[in-house]
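# Summary of structural features
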Amino acid sequence: MEDDQSLIEIRDLYLNFYTYDGVVKALDGVSLGMRKGEILGLVGETGCGKSVTSLSTMSIVIPPGRIERGRIDINIKGKVYDLLSLSEATMTRVRGRYISMIFQEPRAALNPVYTVGDQVAEVFFHHRKAELIEAAIAQLKKDLNRASGLKRAIYQRELSLYEKMRSNPKSLTLRLVLKTPLIRRFQNRMKVEARKFIVEMLKSLNIPDPARVVDMYPHELSGGMAQRAVIAMSLSCNPVMLIADEPTTSLDVTVQAQILLLIKDLQKRFHTSILYVTHDLGVVAETCDRVAVMYAGNVAELADVVSLFKKPLHPYTRALLESIPRPGEKFVSIPGIVPSLVSPPKGCRFNDRCNYALDRCINVKPELVEVDKDHFVACHLYYGGK
Amino acid sequence: MQPSVKEFKFMLTRVLKSPLSVAGLILISYNVILAVFAPFIAPNTTGAALPDPYMIPRDPAAGIWMQPNSPTPGHLFGTTSLQVDLFYGCVWGTRFAFQLGLEVIVTTLTVGLVLGMLAGYYGGFIDEVIMRFTDIILAFPGLILAMVFVAVLSRSGWSTLNAAILSIILIGWPGYTRLIRGEVLRVRGEDYVEAARASGASDIRIMTRHILPNSIYSVIIVASLDFGSIVLTAAALSFLGLGSPPGYADWGRLIFDGVPYAGSGFAYWWTFIYPGIFIVLFTLGWNLLGDALRDVLDPLSRRK
């Protein structure tokens, strides 16, 4: 990693899906960099590999998918780790804590059998137990001063258990106590504390009446409300990176605007970097700092949002921008179809749909190179000199 | 109010709304009462020592006549061959049915849950091995396979009763495994499972906290229906003489004991009608309860 500002660096990522139809070469040498505190848009058509790229950065690739090679370096507190070489056990501590994710269908992303509070609490318990124990101890000490008699004795026992949890969480007696029915209920204090955190969290996300929403089930929430709950869940541990996988696609336009503003606002408040996956160029122009355009498993162009929209270089980006419907104008679409990724074209994967294709495009795969300051493009048209 | 209390209240009002569910609850409670209070409802009045309360005590005074005797105040439901008291048999038979059902359901459900979960969640080779094995068992007709198991097991020193229970378990688990695997496959692809993984949950946590609660409903419903049909299978085995020994408080056995006299039409009606009614009420109760459970547990059909 070259500089401190870099947060995540995906290098030469190859990913295949092994299906009955053959090997789908879903990612073909994807390289992407994200800087601290930026919103990076990841744009492309369905099936171009944008969701798979984002899932790879959490190293969640569901079989039959498999990462063939590549590196994903992440910079956590000044140290650089290769996510793909970390063990699964380590990854469970990274996911949700340092990298988290919000989804396209907010109501589907919430488990229907638990209340909103339960689900956010689960993330809390997993990653921030120490803080909950501290809060529970503080509360217990307050209660202890007021209580007397039998209650005081019970509180004292509870306090000693909590202190043990803080000092020696692996002790045998503690593990036994945590498994004993009825006695294990002393942990409810932590639930109460978690609930306080969650209500605060929901309040900061502009959710009206958070104390009531905490106890609601996902099906009782509107789409926008559910998306806020999912955002609460993903931000509960102040991650360094948030992956937003088309978070507004399934929402009404008005709600969409609210959620977009909320995401931008949260990004400023928590200094979280956001990888914003979408196919909506309007949303990209509105929210993102930089944009990566993907096509058939490759990054075609990577630039800051202004220069990408003002001066698109890659023929695919141009075609994509032209195909945005405008009132009064004829509807333009890109000729041809997205190639099958089982047998993609040799060379540039866009060559059979490209109006400017050269001979070289058919056989040689273009590399992603910097043609302008901070403007990368993978196209033979722009580095003929090299 | 505690959420669990609230939930329970909701379920209760939901069940009480449907008359069939109420009927199911009443039938099951009636059977539970019979089973729990069997020693008081049908005490051993003969004075003979009873090493096993399920062995129906025989009145020494009644002799060992083969011919069944019609109902009298002393023997409310009459006696079947060898003067075995049917009332005692039917009442204690309820207790036996519960014991049998619980043993079988708990074992098959545990095995089915673990195997089905592993097969559905991990897929690939594990799935292949587990599911092909269940296919092999499911390829045989259940009752015939059970009979083979009983025959083999009882030859190798098992009592026929234990052999019957074990064989019902052996033919029962593949159904659950297949059912649970299907449910797990459905739930595994849901967004909230991915969301849970994205928030750092481990495999075991995802399985127990996220997949299990969402895939258990149909299994619970099937299990409650099976509770009734297990008793039917056991009765069928006993009826074929492969289950409990003669004079055992098992409905199937009692009917089997009356078979020689069924040739004379309804002359000895009590020997099969009374145990038959008990079987019907028990099975019907569980079937109705299964439907009631579906109403309250299925997340799609509830809250409507």
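So, a few notes on the structure that sits alongside this text. Model, not experiment: these values are computed from the prediction. (Residues numbered from 1 in each chain as written. Chains lettered and ligands numbered in written order. Predicted model: local features only at pLDDT ≥ 70, side-chain atom pairs only at ≥ 80, totals over all residues.)

## Regarding the sheet that holds strand E4 (residues 65-76) of chain A
Residues and elements named next belong to chain A. Strand order across the open sheet formed by four strands is E2-E1-E4-E5, with antiparallel pairing between neighbours. What marks the edges here is a single partner per strand, and that holds for strand E2 (22-35) and strand E5 (79-82). Taking each pair of neighbouring strands and ignoring which way they run, the sheet shows an average axis angle of 10°. Relative to E5, E4 runs antiparallel, the two sharing four bridges. From the neighbouring strand, Asn75 faces E5, where its bridge partner is Val80. (Pairing = 2+ DSSP bridges. Helix = DSSP H or I, 4+ residues; strand = E, 2+ residues; numbered from the N terminus. Axes fitted to C-alpha atoms, helices over the stretch in contact; angles between N-to-C directions.)

## A few points about helix H4 (residues 86-122) of chain B
All names here are of chain B. Between its first and last C-alpha atoms H4 spans 52 Å; for 37 residues at 1.5 Å apiece the expected length is 54 Å, and the two agree. The largest bend in H4 amounts to roughly 25° and is located at Gly93. Positive phi shows up at Gly123, right after H4, with a value of about 60°. (Expected span 1.5 Å × (residues − 1). Bend = angle between axes of the 7 residues up to and from the residue.)

## Quick word on the packing of helix H8 (residues 191-198) of chain B against helix H9 (residues 203-239) of chain B
Residues and elements named next belong to chain B. Two elements in contact, H8 and H9, have axes separated by 10 Å at closest approach and are oriented at 145°. In terms of crossing hand, the pair formed by H8 and H9 is right-handed. Each of Tyr192, Val193, Ala196 and Arg197 in H8 lies in contact with H9, whose residues at this interface are Ile206, His210 and Ile211. Looking at the contact of H8 with H9 residue by residue, the classes come out as five nonpolar, one polar and one charged. (Left-handed = near helix turned anticlockwise from the far one by under 90°. Contact = placed C-beta atoms within 7 Å. Nonpolar A, V, L, I, M, F, W, Y, C, P; charged D, E, K, R; others polar.)

## Focus: the interface of chain B and chain A
In this complex, chain B contributes 17 residues to the contact, which on the side of chain A involves 22 residues. If you tally residues by element for the side of chain B that touches chain A, the top one is H8 of chain B, at six residues. For the side of chain B that touches chain A, the class distribution of residues is six nonpolar, seven polar and four charged.

## Here's the deal with the environment of Thr79 of chain B
All names here are of chain B. Assignment of secondary structure puts Thr79 in strand E1 (residues 79-80). Sequence spacing of Thr79 and Ser264 is 185 residues, and the spatial spacing of their C-alpha atoms is 16 Å. When neighbours within four sequence positions are excluded, Thr79 is seen to be in contact with Pro68, Asn69, Val84, Asp85 and Leu86.

## Side note on the environment of Phe376 of chain A
In this structure, Phe376 of chain A sits in strand E12 (residues 375-377). Remark: the alpha-carbon pair of Phe376 of chain A and Pro106 of chain A, spanning 270 residues in sequence, is separated by 33 Å.

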